[in-house]
Amino acid sequence: MATSNTDQFADDYVRIFDTTLRDGEQSPGCTMNVEEKVAIARQLDRLNVDIIEAGFAASSPGDFESVRRVAEAVTNPTVLSLSRTRDEDVDAALKAIDGARKPGIHIFIATSDIHLKYKLNMTREDVLDAATWAVTRAKKHLDYIEFSCEDASRSDWDYMAKICNEVIRAGARIINLPDTTGHAIPEEFGRMFAYMREHVEGADKVIWSAHCHNDLGLGVANSLAAIRNGARQVECTINGIGERAGNTAMEEVVMALKTRKDLMAVRCGIETRQIYPASRLLAQIIGQPVPPNKPIVGDNAFAHEAGIHQDGVLKNKLTYEIMKPEDIGIPSNKLVLGKHSGRHAFINRLTELGVDPASFDVQKAFAAFKDLCDKKKIVYDDDILALVNEETRRADDQFELVDLVVTSSSRATPRAEVTMRVAGEERNADATGDGMVDACYKAIYKIAGLTPVLERYSVKAITGGTDALGEVSCLMRADGMTVAGQGAHSDIVMASALALVNALNRLKTRGERTGRRPVEGP
Ligand code: KIV
Ligand code: ZN
């Protein structure tokens, strides 16, 4: 059930601000296309997050379009665009969020002396003026303004208090104090919130927000320390993705609040049963598998291996389990459908897994599911999620794999013939290689006119058995950009080709955003 606006301003309510689509997406290998971002945004809506930071509208036409589409796609959350303290940024942000039911803007500027001197080349007075100017400018158009003091944890507290005074006077409603470099430790980070709340005029009229990075592995601990010192908003990402070591993981902070209510008398509005589907959806989309020991959502998070633990859990789960897997939405039975399952059952199962049937071509995905049933006796949840993600991935692609013929034997050099559609036009190439995947990649490079560096390549059987759907993830680097690609198919050479084509499409998208041109094409 959606949280009402009144709830969001209650003293004991912690607002969950999701930045998977902005801070998360900007980390290496996490690029998403517009359709993928919309799919994630819809899932964030089902999770009932309070705020979605959809992107940084001024950074590129692609980012602008993503913010605009997300703003229109979701119903309950407030949708924000990030903005520097510049005219063109504020304009782009306001325009991109115009279609949102609840629009907002997130203005930031660095406040630490290190950033002022080496990055901005500005004085403290300049920064104060720029911050006040930008908030005043945005306030003429909308009420919902968040202001961030970038690198707050390394800023002078009294100077920061002065800036906060001014931006609150200019109309900021939320003040965010980020630990941009992941440098803080919980006690000092908590003290910073207490200090600011005590020394800023009008501190009680705004919501204080924490935004933490995980460089020392303290993102969640620092966020909780901020809450204990009055913060009522936490900025986080699904699976903790983000710059360098990542951001505060949403699932961890939310479950810590729920599980340790005895220590923290606060609540949040997250629909926790949507956590696991959100985690899997993101992992599939960006091709970064969740580590097995990842708290809350990792495969081992609820697995008890030691005999003594198993014995305890069998007698009473409370012995070793502090949370219930079903509260996080972990399916108790991952065995789902088979050859005889109909379209209705297929759609139902996807809805249970948190996938909105409106977000992909059901007809095509169902046909692919039937194909898979012919090849595989048992089809699991993760198999059908992979199929649907293949569909979403392809929605606005420039490169499409049409046909692949690979020949190999123990006596002959492997050879691949590839046909691809590049912006609607069919192109062919063939190549030989050290193995079937190598031959296939060389043929695809010829068509795309590019030789990227393959930094990582991995194959995983999504589910068990020799007939399992294989999932290939690759990390490619070209022209200073790193992107991930994924492909799922019951044939791993085919899955490898799909992964590479997916990476090329992402390189293309990223190239367009940044003005670089690493791949040929339209
Ligand atoms: O880490 C950071 O400081 C940020 C700001 C832009 C909020 O991401
Ligand atoms: Zn950040």
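For the structure itself, look to the data block above.
Here's what I pulled together on the structure shown here. (Residues numbered from 1 in each chain as written. Chains lettered and ligands numbered in written order. Predicted model: local features only at pLDDT ≥ 70, side-chain atom pairs only at ≥ 80, totals over all residues. Heavy atoms only, no water.)

## Examining the site of ligand 1
At step 1: Around ligand 1 lies a shell formed by Arg22, Asp23, His106, Phe108, Ser148, Glu150, Asn176, Pro178, Thr180, His211 and His213.
At step 2: Between ligand 1 and Asp23 there is a distance of 3.1 Å, counted from an oxygen atom to a side-chain nitrogen or oxygen.
At step 3: At a separation of 3.1 Å, an oxygen atom of ligand 1 approaches a polar side-chain atom of His211.
At step 4: When isolated, ligand 1 has an accessible area of 260 Å², and the protein chains bury 95% of it.
At step 5: Sorting the residues of the shell around ligand 1 by element identifies helix H2 (20-24), strand E4 (103-110), strand E5 (145-150) and strand E6 (174-179) as the ones contributing at least two each. (Near = heavy atom within 4 Å. Polar contact = N/O pair within 3.5 Å; in protein donor to acceptor, adjacent residues only side chain to side chain. Areas by Shrake-Rupley, 256 points an atom, 1.4 Å probe, with all protein chains shown as cover. Helix = DSSP H or I, 4+ residues; strand = E, 2+ residues; numbered from the N terminus.)

## Describing the coordination of the zinc ion (ligand 2)
At step 1: Within the protein, the zinc ion (ligand 2) binds to Asp23 (OD), His211 (NE2) and His213 (NE2); these donor distances fall in the range 1.9 to 2.1 Å.
At step 2: Here the donor residues of the zinc ion (ligand 2) share one chain and are spaced in sequence as D-x187-H-x1-H. Remark: His213 occurs in the loop between strand E7 (207-212) and helix H10 (219-228) and Asp23 occurs in helix H2; sequence separation between them is 190 residues. Accessibility assignment for this pair places Asp23 and His213 in one class, buried. (Donors = N, O, S within 2.8 Å, 3.2 Å for Na, K, Ca; no water. Buried < 20%, exposed > 50% of the residue type's maximum accessible area, 1.4 Å probe, protein only.)

## Quick word on helix H12 (residues 275-286)
Note: α-helices contain 3.6 residues per turn, so residues at a spacing of three or four share the same orientation.
At step 1: Along its 12 residues, H12 runs 17 Å from first to last C-alpha, staying within 8% of the 16 Å computed at 1.5 Å per residue.
At step 2: Judged by how many residues are buried, H12 sits mostly within the fold: 12 of 12 residues are covered.
At step 3: For H12, the complete set of buried residues consists of Ile275, Tyr276, Pro277, Ala278, Ser279, Arg280, Leu281, Leu282, Ala283, Gln284, Ile285 and Ile286.
At step 4: Phi for Gly287, located one or two positions after H12, is positive at around 70 degrees. (Expected span 1.5 Å × (residues − 1).)

## Regarding the packing of helix H3 (residues 34-47) against H12
At step 1: Here H3 crosses H12 at 170 degrees, and the two axes come no closer than 10 Å. Comparing their axes, H12 and H3 come out roughly antiparallel. Residues Glu36, Ala39, Ile40, Gln43 and Leu47 of H3 form the contact with H12, whose participating residues are Ile275, Pro277, Ala278, Leu281, Leu282 and Ile285.
At step 2: The class makeup of the residues in the contact of H3 with H12 is 9 nonpolar, 1 polar and 1 charged. (Axes fitted to C-alpha atoms, helices over the stretch in contact; angles between N-to-C directions. Parallel < 35°, antiparallel > 145°, perpendicular 65-115°, else oblique. Contact = heavy atoms within 4.5 Å. Nonpolar A, V, L, I, M, F, W, Y, C, P; charged D, E, K, R; others polar.)

## Re the pattern of salt bridges
Any two side chains of opposite charge can pair, so long as their charged atoms come close to each other.
At step 1: In the structure shown here, the tally under the stated rule is 33 salt bridges.
At step 2: Between Arg124 and Asp156 there is a salt bridge, with the nearest N and O atoms lying 3.9 Å from each other. You can see Arg124 sitting in helix H7 (residues 124-139) and its partner Asp156 sitting in the loop between E5 and helix H8 (157-170), a full 32 residues away along the chain.
At step 3: Looking at Asp156, the relative accessible area reads 35%, which means it is partly exposed.
At step 4: If you follow the salt bridges from partner to partner, you end up with Arg22, Asp23 and Glu53 in one network. (Salt bridge = Lys/Arg side-chain N within 4 Å of Asp/Glu carboxyl O.)

## Observations concerning the nonpolar core
At step 1: By size, the foremost hydrophobic cluster in this structure holds 98 residues, and its most contacted members are Phe147, Ile175, Leu177 and Trp208.
At step 2: In this structure, this core is formed jointly by two domains, domain 1 (12-286) and domain 2 (300-330), each of which donates at least three residues.
At step 3: Ala429, Ala439, Met476 and Met481 belong to the second-largest nonpolar core, a separate cluster that totals 34 residues. (Core = buried A, V, L, I, M, F, W, Y, C linked by side-chain atoms within 4.5 Å. Domains from an automatic or database assignment.)

## Description of the packing of helix H5 (residues 87-96) against H7
At step 1: Here H5 crosses H7 at 30 degrees, and the two axes come no closer than 10 Å. Judged on the interaxial angle alone, H7 and H5 are roughly parallel. Between H5 and H7 lies a crossing whose hand is right-handed. Between H5 and H7, the contacting residues are Asp87, Val90 and Asp91 on the first element and Trp133, Arg137 and Ala138 on the second.
At step 2: Counted by class, the contact of H5 with H7 contains 3 nonpolar, no polar and 3 charged residues. (Left-handed = near helix turned anticlockwise from the far one by under 90°.)

## Some remarks on the pairing of E6
At step 1: Where burial is concerned, most of E6 is hidden: 6 out of the 6 residues are buried.
At step 2: Residues Ile174, Asn176 and Pro178 of E6 are buried on one face, and the alternating residues Ile175, Leu177 and Asp179, pointing to the opposite face, are buried as well.
At step 3: Pairing analysis gives 3 bridges linking E5 to E6, with the strands arranged parallel. Directly across from Phe147, in E6, lies its bridge partner Ile175.
At step 4: Remark: the E5/H8/E6 crossover connection has right-handed handedness.
At step 5: Where E6 lies against E7, 6 bridges are found, and the strand directions are parallel. Its bridge partner lying in E7, Asp179 is registered against Cys212.
At step 6: Considered for its hand, the β-α-β crossover made up of E6, helix H9 (residues 186-199) and E7 is right-handed. (Pairing = 2+ DSSP bridges. Right-handed = clockwise from strand over helix to strand, strands pointing away.)

## Comments concerning the sheet that holds strand E3 (residues 78-83)
At step 1: Here 8 strands make up a closed barrel; going around it, the order is E1-E2-E3-E4-E5-E6-E7-E8 and the pairing parallel. Put simply, the sheet's adjacent strands are angled 25 degrees from each other on average, direction ignored.
At step 2: In the packing of helix H6 (residues 113-120) onto the sheet, the strands contacted are E4 and E5, and the crossing angle to E4 comes to about 85 degrees.

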